[in-house]
Amino acid sequence: MRTLIGAARMAVLTLWMLSALAVTVLVFPWAPQTVRGRFTRILSRAVVRLAGVRLRATGVALPADLAATGVAAWTTGRLVLANHITWLDIFAIDAVLPSRFVAKAEIGRWPVVGWMVTLSGTLYIERGRRHAVAAANDRVADHLRRGETVAVFPEGTTGDGTQLLPFHSNLVAPALDVGCEIWPVAVRYTEAGRPSTAPAYVGEATLMQTMWRIVTTRDLQVEVALLPALSPAGATRHGLTEGARQAIAAHLGVEASPRRRPREPEPLSPDVVPEGSEPGTPHGR
């Protein structure tokens with residue numbers, strides 16, 4: 001029975017995403033970010049629902065316009081730092097707070113999903129390209145100054161949700177340059193009320209395998225928790241990054257080992273992004 005339900009969900013989800021792709025092709029190239037944000041929120045909520053997953057938004061309450069568009073033009077924007085488990089995280093976060101994500105360029109080459117996130121305004125980092133992070137930081141700062149929401153997965157890869165990996169701090173530099181707040185966001189999947197690793201995009205799992213596990217898992221729920229913002233005043237990028245990590249770990253009730261990565265070299269944005277180690281990018285497997 002679960003196989004039949006899963007097959008039906010996969011079929012409907014695929015058709016919906018193809019239809020949504022057509023909408024983004026027609027609307028997004030000319031639309032302002034506020035309009036893109038509204039469409040992104042609607043499309044993302046539908047993706048989560050059609051996958052058979054219940055969405056639960058918790059934590060800090062958002063003003064209606066910000067929740068609908070992800071933009072507050074009278075502010076310096078906000079930089080979201082979130083833990084990363086699977087491809088569905090992007091849609092779950094966008095369903096609560098429409099955001100521009102920072103991602104590896106390979107994500108844009110994913111079928112359908114990649115095309116959609118590209119059209120939604122994702123900022124890409126080219127693997128192995130010199131000055132890649134510095135260029136990405138410049139683009140992030142530009143969008144933050146417009147009052148937009150930019151989201152980063154600072155673990156640089158996906159985990160199974162049972163613990164947090166160390167957070168990279170390179171892509172936090174624009175928040176200090178612009179003076180915007182850091183918003184920790186905790187993502188958690190539960191199955192019939194218990195923690196679930198079914199959606200995890202880890203190890204040798206493929207995109208299709210994780211999609212199948214998601215659509216066939218019974219009573220799957222994703223929680224997106226907006227935690228209290230961290231002020232950049234008097235802070236360092238390492239301090240802000242670790243503060244966000246500890247806040248997320250405390251909310252999820254998971255381990256946040258004090259083990260740290262080696263200190264990144266100065267200047268804040270390295271000239272070279274080594275193969276396979278781009279910080280802050282979705283699914284750096």
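Note: the structure precedes this text.
Residues numbered from 1 in each chain as written. Predicted model: local features only at pLDDT ≥ 70, side-chain atom pairs only at ≥ 80, totals over all residues. Heavy atoms only, no water.

> Please explain helix H1 (residues 2-27) as it appears in this structure.
Quick reminder: α-helices carry 3.6 residues per turn. Residues three or four places apart thus point the same way. With 26 residues, H1 should cover 38 Å at 1.5 Å per step; its first-to-last C-alpha distance of 36 Å lies within 8% of that length. For H1, the full list of buried residues reads Gly 6, Met 10, Leu 13, Met 17, Ala 20, Leu 21, Thr 24 and Val 27. (Helix = DSSP H or I, 4+ residues; strand = E, 2+ residues; numbered from the N terminus. Expected span 1.5 Å × (residues − 1). Buried < 20%, exposed > 50% of the residue type's maximum accessible area, 1.4 Å probe, protein only.)

> Even after reading the chapter, I still don't get the pairing of strand E6 (residues 181-191), so can you show me in this structure?
On a regular strand, one side chain projects to one face of the sheet and the next to the other, so that they alternate. Among the 11 residues that make up E6, 8 are buried, leaving the element largely enclosed by the rest of the structure. Note that strand E2 (residues 78-82) and E6 share 5 bridges and pair parallel. Each bridged residue has a counterpart across the sheet, and for Leu 81 the counterpart in E6 is Pro 184. Bridge count for E6 against strand E8 (residues 220-226) is 7 bridges, and the pairing is antiparallel. Along E8, the bridge assignment pairs Glu 191 with Leu 220. (Pairing = 2+ DSSP bridges.)

> Is there a simple way to think about the packing of H1 against helix H8 (residues 207-216) in this case?
Each pair of packed helices can be described by the angle between their axes along with the distance between the axes. Two elements in contact, H1 and H8, have axes whose closest approach is 8 Å; the angle formed by their N-to-C orientations is 115 degrees. Read as a crossing pair, H1 and H8 show a hand that is right-handed. Every residue of H8 that contacts H1 at Arg 2, Thr 3, Gly 6, Ala 7, Arg 9, Met 10 and Leu 13 is listed here: Met 208, Met 211, Trp 212, Val 215 and Thr 216. Here the contact of H1 with H8 is composed, by residue class, of 7 nonpolar, 3 polar and 2 charged. (Axes fitted to C-alpha atoms, helices over the stretch in contact; angles between N-to-C directions. Left-handed = near helix turned anticlockwise from the far one by under 90°. Contact = heavy atoms within 4.5 Å. Nonpolar A, V, L, I, M, F, W, Y, C, P; charged D, E, K, R; others polar.)

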